[in-house]
Amino acid sequence: MSADEFILQQKVHALYSNHRSWLQRWLYRKLGNACDAADLVQDTFISVITGGYADDIREPKPFLATIAGRLVAHRWRRNQLETAYLEALAALPVELMPSPEAHVLALEALLEIDRALDGLPTRVKEAFLLAHLEELSYAQIAERLNVSTSSVKQYLTRANRHCLFALSV
């Protein structure tokens, strides 16, 4: 281990030691669940380590709260997506139910699509999902979103391009 790596390791250790308890309490107040809070504390510090941010932190609490807040939002989106998928499955007749393996693969694909769409405006995401998951026409999407069909075309072009670049990286 080089001297720089040792110093970085010490910084991360000090950051963890000094702020883990505070971050866990902060997350517990947001989530109301100690286990989820503990998981997200670990995920936050893993993000700090893997992102190479430890050297750049000047204000630890706001920095950690920002990362943790993003992880909370990601978890919330994932739970919403899973719930919607499970509700759609529950509406299927038993003979059309996917196998457990297909279920897991479909959920992973949905989460990958969600990550690919991350950062796009809500209407662009909605248009993409309505077109690709519900197979609605431009006119039907325009009616649902209360926009013009040319706006829908622009939304879908933007979302498809965004996904193409996100998935190719």
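If you're wondering where the values come from, they're calculated on a predicted model, not measured in any experiment. Every chain's residues receive numbers from 1 upward, in the order its sequence appears when written. For this predicted model, a pLDDT threshold of at least 70 governs which residues receive local features, and a threshold of 80 or more governs which side-chain atom pairs are given and counted, while totals over whole chains, interfaces and linings are taken from all residues. Side-chain metrics in this entry use all non-hydrogen atoms of the structure; hydrogen atoms and water are not considered.

Participant: Even after reading the chapter, I still don't get the layout of surface pockets, so can you show me in this structure?
Facilitator: One water molecule sets the probe size; rolling that probe over the atoms shows where empty space is left. As a volume, the largest pocket reaches approximately 570 Å³. Think of a 1 Å grid over just the protein atoms. A cavity is a set of points where a 1.4 Å probe fits yet cannot get out, a pocket is an open set with protein on both sides within 12 Å along at least five of seven lines, and lining residues have an atom within 4 Å of a point. Looking at the largest pocket, it is lined by 17 residues, and the ones nearest its centre are Q80, L81, A84, L129 and L133. Every element with two or more residues in the lining of the largest pocket is listed here: α3 (60-90), α4 (100-117) and α5 (122-132). Secondary structure elements are taken from DSSP: a helix is a run of H or I of four residues or more, a strand is a run of E of two residues or more, and numbering for both begins at the N terminus. With six residues, the single largest contributor to the lining of the largest pocket is α3. Counted by class, the lining of the largest pocket contains 10 nonpolar, two polar and five charged residues. Grid points are joined across faces, edges and corners, and a volume is the space filled by probe spheres set on the points. Any residue that is not Ala, Val, Leu, Ile, Met, Phe, Trp, Tyr, Cys, Pro, Asp, Glu, Lys or Arg is counted as polar, Gly included; the first ten are nonpolar and the last four charged.

Participant: How should the packing of aromatic side chains be read in this particular structure?
Facilitator: Describing an aromatic ring pair means giving the distance of the ring centres and the angle of the ring planes. Planes of paired rings set the category: under 30 degrees apart is stacked, over 60 is edge-to-face and the rest tilted, where pairs are Phe, Tyr or Trp rings (Trp by its six-membered ring) whose centres lie within 6.5 Å. According to the stated counting rule, one finds two aromatic pairs in the structure shown. Ring centres of Y16 and F45 lie 4.9 Å apart, and the angle between their planes is 75°; on these two criteria the pair is classed as edge-to-face. Of this pair, Y16 sits in helix α1 (residues 3-31) while F45 is found in helix α2 (residues 34-51), placing the two residues 29 residues apart along the sequence. The rule is simple: take the accessible area with a 1.4 Å probe, protein chains only, and divide by the maximum for that residue type; under 20% is buried, over 50% is exposed, in between is partly exposed. Residue class for Y16 comes out partly exposed when judged on its relative accessible area of 26%. The buried category is assigned to F45, whose relative accessible area is 4%. Look at W22 and W26: their rings are 6.2 Å apart centre to centre, the planes differ by 25°, and that puts the pair in the stacked class. Pair noted here: W22 and W26 are both in helix α1, with a separation of four residues, about one helical turn. Neither W22 nor W26 differs from the other in exposure class; each is buried.

Participant: Can you walk me through the packing of α3 against α4 in this structure?
Facilitator: Each packed pair of helices is defined by two parameters, the angle between the axes and the distance between the axes. The angle between two axes is taken between their N-to-C directions and runs from 0 to 180 degrees, where each axis is a line fitted to C-alpha atoms and a helix contributes only its stretch in contact. It is at 10 Å that the axes of α3 and α4 come closest, and there the two elements cross at 135°. Overall, the two elements α3 and α4 adopt an arrangement that is oblique. At the point where α3 passes α4, the crossing takes the right-handed sense. Where α3 abuts α4, its residues H74, R77, R78, L81, E82, Y85, L86 and L89 lie against A102, H103, A106, L107, L110, L111, D114 and R115. Broken down by class, the residue content of the contact of α3 with α4 amounts to nine nonpolar, two polar and five charged. When describing relative orientation, an angle under 35 degrees is termed roughly parallel and one over 145 degrees roughly antiparallel, while 65 to 115 degrees is termed roughly perpendicular and anything else oblique. By convention the crossing between two helices is left-handed if the near helix lies anticlockwise of the far one by an angle smaller than a right angle, and right-handed if it lies clockwise. Note on contacts: a residue pair is in contact if any heavy atoms of the two residues lie within 4.5 Å.

Participant: In this structure, what is going on with the environment of F128? I would like to understand it.
Facilitator: Mapped onto the fold, F128 is located in helix α5. When the C-alpha atoms of F128 and V152 are compared, they prove to be 8.9 Å apart, with 24 residues separating the residues in sequence. If we ignore the near neighbours within four places in the chain, the residues touching F128 are I113, L117, L133, L156, A159, N160 and C163.

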